[in-house]
Amino acid sequence: MEKLLKDGRLCKLLEEVDWDLAQAVRAGKCRHCGAKLHCGDFTRKPRGMVVSWDKRHSFDCSRCRKRHTPPSVRFLGRKVYVGIVVVLVAAMMHGPNARRIATLHEALGIDKRTLKRWRQWWLDVFVQTPFWKANRARFMPVLNEAGMPYCLVESFNAEGREGRIKLMEFLSPITTTSGKGVVAM
Ligand SMILES: [Zn+2]
């Protein structure tokens, strides 16, 4: 885990994917009125990894001002921690080598209540989202929802860097409001 938190190459790849996702939105027009989009990045101070990400890509319509936030593989909704950390740490609380909240708290310095909330979010909120309901059928064998997000991490082989990026790409639709508001915690 400590290695993950300092994986500069992973950070770089996640940045590149976010950039591509952002450019795809920027190249389009406003969903509401069809006008051009302007840059409207907002400031974030993500925790959990050694990163210099101080902005989440976002765009504003030049006419109606509506915000268009592209999906992200770096930020999981409004959570202040880097997305991959939220996934992997929550996964570590479950599964064959489950680590207790106290151990994770000590190792990572993440508040115990935050850790509990992450786990509950996967078990109670995530599995009820339209996103998950629309996508769970693509997993064979069927994933055990009581084992979230551990079974997702396993299924994407997210112990490795490539799998981590694929997993975050899979989850990226839930990071934007057009993914139907999964993000509140
Ligand atoms: Zn507009």
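Residues numbered from 1 in each chain as written. Predicted model: local features only at pLDDT ≥ 70, side-chain atom pairs only at ≥ 80, totals over all residues. Heavy atoms only, no water.

(A) Spatial organisation of the nonpolar core. Grouped together as the largest cluster of nonpolar side chains are 49 residues, with contacts concentrated most on Trp-122, Phe-126, Leu-152 and Leu-171. Broken down by secondary-structure element, the contributors of at least two residues to this core are helix H1 (2-5), helix H2 (8-27), helix H3 (83-92), helix H4 (101-108), helix H5 (112-125), helix H6 (130-135), helix H7 (150-155) and helix H8 (161-171). With nine residues, the single largest contributor to this core is H3. Each residue touching Phe-126, except ones within four places of it in the same chain, is listed here: Trp-121, Phe-131, Trp-132, Met-148, Leu-152, Leu-171 and Ile-174. In terms of nonpolar packing, the next biggest core, distinct from the first, is built from six residues, Ala-22, Ala-35, Phe-59 and Cys-61 among them. (Core = buried A, V, L, I, M, F, W, Y, C linked by side-chain atoms within 4.5 Å. Buried < 20%, exposed > 50% of the residue type's maximum accessible area, 1.4 Å probe, protein only. Helix = DSSP H or I, 4+ residues; strand = E, 2+ residues; numbered from the N terminus. Contact = heavy atoms within 4.5 Å.)

(B) Here's a closer look at the environment of Leu-21. Tracing the backbone through its elements, the reader meets Leu-21 in helix H2. Expressed as a C-alpha distance, the spacing of Leu-21 and Glu-169, which sit 148 residues apart in the sequence, is 9.8 Å. Not counting residues up to four positions away in its chain, the partners in contact with Leu-21 are Pro-70, Pro-71, Ser-72 and Val-73.

(C) Main features of the coordination of the zinc ion. Taken together, Cys-30 (SG), Cys-33 (SG), Cys-61 (SG) and Cys-64 (SG) make up the full set of protein donors to the zinc ion, lying 2.2 to 2.4 Å away. Bound by four donor atoms, the zinc ion shows angles of 103 to 120° at the metal and therefore tetrahedral coordination geometry. Between the donor residues of the zinc ion, the gaps in sequence give the motif C-x2-C-x27-C-x2-C. Here Cys-61 falls in the buried class, since its relative accessible area comes to 0%. (Donors = N, O, S within 2.8 Å, 3.2 Å for Na, K, Ca; no water. Tetrahedral: all angles 85-135°; square planar, octahedral: opposite > 155°, others 65-115°.)

(D) Highlighting the packing of H2 against H8. Look at H2 against H8: their axes get within 11 Å of each other, and the N-to-C directions meet at 30°. Between H2 and H8, the crossing angle belongs to the class labelled roughly parallel. Considering the relative orientation of H2 and H8, their crossing is right-handed. Residues Arg-9, Leu-10, Leu-13, Leu-14 and Val-17 of H2 lie in contact with H8, whose contacting residues are Arg-161, Arg-164, Ile-165, Met-168 and Glu-169. Classifying every residue of the contact of H2 with H8 by side-chain character gives six nonpolar, no polar and four charged. (Axes fitted to C-alpha atoms, helices over the stretch in contact; angles between N-to-C directions. Parallel < 35°, antiparallel > 145°, perpendicular 65-115°, else oblique. Left-handed = near helix turned anticlockwise from the far one by under 90°. Nonpolar A, V, L, I, M, F, W, Y, C, P; charged D, E, K, R; others polar.)

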